[in-house]
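Here is what each chain is made of, one letter per residue.
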Amino acid sequence: LCSLSERDVLAALMQERESVDLVLAEDAYLWIYRNDNLYKVLKPEHKNRDRSKLKAIKASVPNEPQFMALRHVLSIDKNAALFDIGCNYGREAIRIRRIADEAGAAGLVYMFDPGVAGKLAHLNMSLNGLTGFEYYNFAISDIDGHMLVHLVSGQSQDNKIINRRDNAVSIPVRAIRLDSFAKDKSLSSSACFVKCDTQGAEFEVLCGFEKSMLYSRMAGVIEFFPN
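Residues numbered from 1 in each chain as written. Predicted model: local features only at pLDDT ≥ 70, side-chain atom pairs only at ≥ 80, totals over all residues. Heavy atoms only, no water.

1. Details of a nonpolar patch on the surface
Thinking step 1. On the surface, a nonpolar cluster with roughly 310 Å² of combined accessible area is contributed by Leu 206, Tyr 215, Met 218 and Ile 222.
Thinking step 2. By secondary structure assignment, the location of Tyr 215 is in the loop between α7 (202–207) and β10 (218–222). (Patch = residues over 30% accessible without salt bridge, like charges linked within 9 Å, V, L, I, M, F, W, Y side chains within 5 Å. Areas by Shrake-Rupley, 256 points an atom, 1.4 Å probe, with all protein chains shown as cover. Salt bridge = Lys/Arg side-chain N within 4 Å of Asp/Glu carboxyl O. Helix = DSSP H or I, 4+ residues; strand = E, 2+ residues; numbered from the N terminus.)

Below, the structure is given as structure tokens:
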């Protein structure tokens, strides 16, 4: 299993030819698509940033429950496997990596997103001066093989593998179970942290993560909309 390199990402973006802008989004600089919903809600002064004039961001210390759980996991095992499933532009992965660095953790942040924004997450980690990550243009699910991802223009957060919307474009992508990924990468830490935001496919993600030894000592956060 090979992660996407910076060269792969830049080649894909050039072939795609969708307009991108450099913005300030809360505590991180991000490359994002101009036609995305996120771009529309940003303040004008936070758009069109000059790459040569970026000032260092004094990152806040996030204290939401998921990051308390992350710190707890890292206190158990500094080599804990860190997963961001549905990474989108990488805003949460940036926070996860910062906390891991703060704790002196050596484990990588494994980022997954089969949609359009994940490619930019790879560049956004580097943009914010972060290393120790790998990005995979995979869908994490309960099967190994290929499946459809449903893409909605202008709504990168709604790229998903279930509940296809009428206006979505459906494209085959590589799918893999977390069990299979952990085995392929020989992940052997005593604990792991999982952030999972997959627009309703969280059940499928967890069904594919039952056999790995990592599953027995897992903490994380999932999105839940019961309606």
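2. Concerning the sheet that holds strand β3 (residues 81–85)
Thinking step 1. If you walk across this open sheet you meet the five strands as β5-β4-β3-β9-β10, and the pairing is parallel. Taken across any chain shown, the strands that pair with only one partner, and hence form the sheet edges, are β5 (133–136) and β10. Across this sheet, the average inter-strand angle for adjacent strands is 15 degrees, counted without regard to direction.
Thinking step 2. Across five bridges, the pairing between β3 and strand β9 (residues 192–196) is parallel. (Pairing = 2+ DSSP bridges. Axes fitted to C-alpha atoms, helices over the stretch in contact; angles between N-to-C directions.)

3. Observations regarding the pattern of salt bridges
Thinking step 1. Counted according to the given criterion, the structure contains twelve salt bridges.
Thinking step 2. The shortest N-O distance in the salt bridge between Glu 92 and Arg 95 comes to 2.4 Å. Here the residue Glu 92 and the residue Arg 95 both occupy positions in helix α4 (residues 91–102), the gap between them amounting to three residues, near one helical turn.
Thinking step 3. With relative accessibility at 14%, the residue Arg 95 sits in the buried group.
Thinking step 4. A salt bridge links Asp 101 to Arg 97; its shortest N-O distance comes to 3.0 Å. Taken together, the residues Asp 101 and Arg 97, both in helix α4 and four residues apart, mark about one turn of the helix.
Thinking step 5. One connected set of salt bridges, linked through shared partners, spans Glu 26, Asp 27, Glu 92, Arg 95 and Arg 98. (Buried < 20%, exposed > 50% of the residue type's maximum accessible area, 1.4 Å probe, protein only.)

4. Describing the sheet that holds strand β6 (residues 138–140)
Thinking step 1. Taken in spatial order, the three strands of this open sheet run β6-β8-β7, and their pairing is mixed. The strands lining the two open edges of the sheet, one partner per strand, are β6 and β7 (145–151). Strand-to-strand twist in this sheet, taken as the mean axis angle between neighbours without regard to direction, amounts to 55 degrees.

5. Some points on the state of the cysteines
Thinking step 1. Applying the stated criterion across every chain, the model contains zero disulfides.
Thinking step 2. Residue Cys 87 stays outside any disulfide, its sulfur separated by 12 Å from that of Cys 196, the closest cysteine.
Thinking step 3. Of all cysteine sulfurs, the one in Cys 196 lies closest to Cys 192, which takes part in no disulfide; the gap is 12 Å. (Disulfide = S-S within 2.5 Å.)

6. Considerations on the environment of Asn 163
Thinking step 1. Locating Asn 163 in the fold gives a position in the loop between β7 and β8 (169–176).
Thinking step 2. Distance from Asn 163 to Asn 137, taken between C-alpha atoms, is 20 Å for residues 26 residues apart in sequence.

7. Focus on the pairing of strand β2 (residues 28–33)
Thinking step 1. Burial analysis of β2 places five of its six residues in the buried class, the great majority of the element.
Thinking step 2. Of the strand pairs in this sheet, strand β1 (residues 20–25) and β2 are connected by six bridges, and their pairing is antiparallel. Bridging from a neighbouring strand, Val 23 pairs with Leu 30 of β2.
Thinking step 3. Where β1 folds back on β2, the antiparallel hairpin that results is connected by two residues, among which Glu 26 adopts a positive phi of roughly 60 degrees.

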